[in-house]
Amino acid sequence: MSENALIQMRNLSKTFLHRGRELNVLRSVDLTIQAGDRVAIMGSSGAGKSTLLQIMGTLDSPSAGQLLFNGEEIFKRSEKSLAKFRNEHVGFVFQFHHLLPEFTALENVMMPGLIHRQKRAEAENHATELLEKVGLKERLHHQPGELSGGEQQRVAIARALFMKPRILLADEPTGNLDLTTGGEIHGLLRELNESTGITVVVVTHDPMLANQMDVRLLVDDGEIIPMVTGDPKVGDRVPEALLHRKPTRPI
Ligand code: ADP
Ligand code: MG
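Owing to the predicted nature of the structure, the values given are computational and were not obtained by experimental measurement. (Residues numbered from 1 in each chain as written. Chains lettered and ligands numbered in written order. Predicted model: local features only at pLDDT ≥ 70, side-chain atom pairs only at ≥ 80, totals over all residues.)

## Focus: the overall build of the protein
- Summing up its helical and strand segments, the protein has seven helices and 11 strands in all.
- For the protein, buried positions account for 37% of its 251 residues.
- If you take every contact in the protein between residues at least 6 apart in sequence, the share linking residues at least 24 apart comes to 67%. (Helix = DSSP H or I, 4+ residues; strand = E, 2+ residues; numbered from the N terminus. Buried ≥ 20, exposed ≤ 12 C-beta atoms within 10 Å, placed from the backbone. Contact = placed C-beta atoms within 7 Å.)

In structure tokens form, the structure reads like this:
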């Protein structure tokens, strides 16, 4: 086992019970994500990508199997301790930014700080730094409605980073954006990963965007299949837990 494994799924399954029928969305998933990895998750609609991400972020629990975070079996914690863990270590970004429309970019980003009773000036400084980092130095006092789609997602990313999480989980953050803007958002995720070492897991439908990440996984019929591009420059690396799986698919 690798020392740098941040997230490990072991024989993890998720079954939804829907109108009396069992829906096996994830089947015995074995997956290791190393600290500092940049991971793209692809797969058709309904394949189970969001479910995988929700479980990774402890917003949902598996039906069977384990989720290890830094080697710790995380679902053994109490609900309260799990919520604390999530607040401190996991950042989420969604397709729709979920920013509060009546607040400015700065207020939206500093919100987690205020919720956690940080001093206002401290929270404001930290939020300002983050907004600068995501390229929005000139947009601190704009409300979401006064920002472009790409800028709104940058604010959502800055907000997700506020608590200095170890991992950023982004579920189709570019689903609502044109390809160029989507490319810029993926570029930003890449930059953040390089400058801070944060682990990034991003769901995308676009192979070009997926190519900006080092590890690419396909969710297919409840299984996770590594993908390769055949371009050695991209730095393909098949997660070690998946090496036993045949064959990797070109995209
Ligand atoms: P994706 O993000 O890849 O489009 P999801 O993970 O959202 O897919 O969903 C995977 C499958 O699980 C879908 O068939 C969906 O209908 C089903 N599903 C998701 N959440 C629930 C739920 N809470 N109850 C029942 N079925 C669900
Ligand atoms: Mg989804």
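## Quick word on the site of ligand 1
- Around ligand 1 sit Phe16, His18, Leu23, Val25, Gly43, Ser45, Gly46, Ala47, Gly48, Lys49, Ser50 and Thr51, and that is every residue in its neighbourhood.
- When contributions to the shell around ligand 1 are tallied by element, the ones reaching two or more residues are β1 (5–18), β2 (21–34) and α1 (49–56).
- Looking at the shell around ligand 1, the element that brings in the most residues is α1, giving three residues.
- Its residues placed into classes, the shell around ligand 1 shows four nonpolar, seven polar and one charged. (Near = placed C-beta within 6 Å. Nonpolar A, V, L, I, M, F, W, Y, C, P; charged D, E, K, R; others polar.)

## Description of unusual backbone geometry
- Even without a glycine there, the phi angle at Thr58 is positive, about 60 degrees.
- On the secondary structure map, Thr58 appears in the loop between α1 and β4 (64–69).
- Of note in the backbone geometry, Glu172 takes a positive phi value of approximately 50 degrees without being a glycine.
- Checked against the element boundaries, Glu172 lands in the loop between β7 (167–171) and α6 (179–196).

## Quick look at the nonpolar core
- Grouped together as the largest cluster of nonpolar side chains are 61 residues, with contacts concentrated most on Val39, Ile41, Val109, Leu131 and Val201.
- Contacts of Val109, omitting those with residues within four sequence positions, involve Ala127, Leu130, Leu131, Val155, Ala158, Arg159 and Phe162. (Core = buried A, V, L, I, M, F, W, Y, C linked by C-beta atoms within 7 Å.)

## Focus: the pairing of β2
- Judged from the 10 bridges that link them, β1 and β2 form a sheet pairing that is antiparallel. In the sheet register, Leu12 faces β2, and the bridge partner there is Val29. (Pairing = 2+ DSSP bridges.)

## Re the confidence of the model for the protein
- Mean pLDDT over the protein stands at 89; residues scoring 70 or higher make up 90%.
- A low-confidence stretch, residues 230–236 stays under pLDDT 50, and its non-local contacts, those more than four residues away or across chains, total six contacts.
- Below pLDDT 50 for its whole length, residues 240–251 participates in 26 contacts with residues either more than four positions away or in separate chains.
- In the predicted assembly, ipTM is 0.98 and pTM is 0.90. (pLDDT = per-residue confidence, 0-100.)

## What to know about the sheet that holds strand β5 (residues 72–73)
- The four strands lie next to each other as β2-β1-β4-β5, forming an open sheet whose pairing is antiparallel. A strand with exactly one partner marks an edge of an open sheet, and here the two such strands are β2 and β5.

## A word on helix α5 (residues 149–161)
- Helix length check: α5, at 13 residues, gives a terminal C-alpha distance of 19 Å against a target of 18 Å (1.5 Å per residue), a fit within 8%.
- Among the 13 residues that make up α5, 10 are buried, leaving the element largely enclosed by the rest of the structure. (Expected span 1.5 Å × (residues − 1).)

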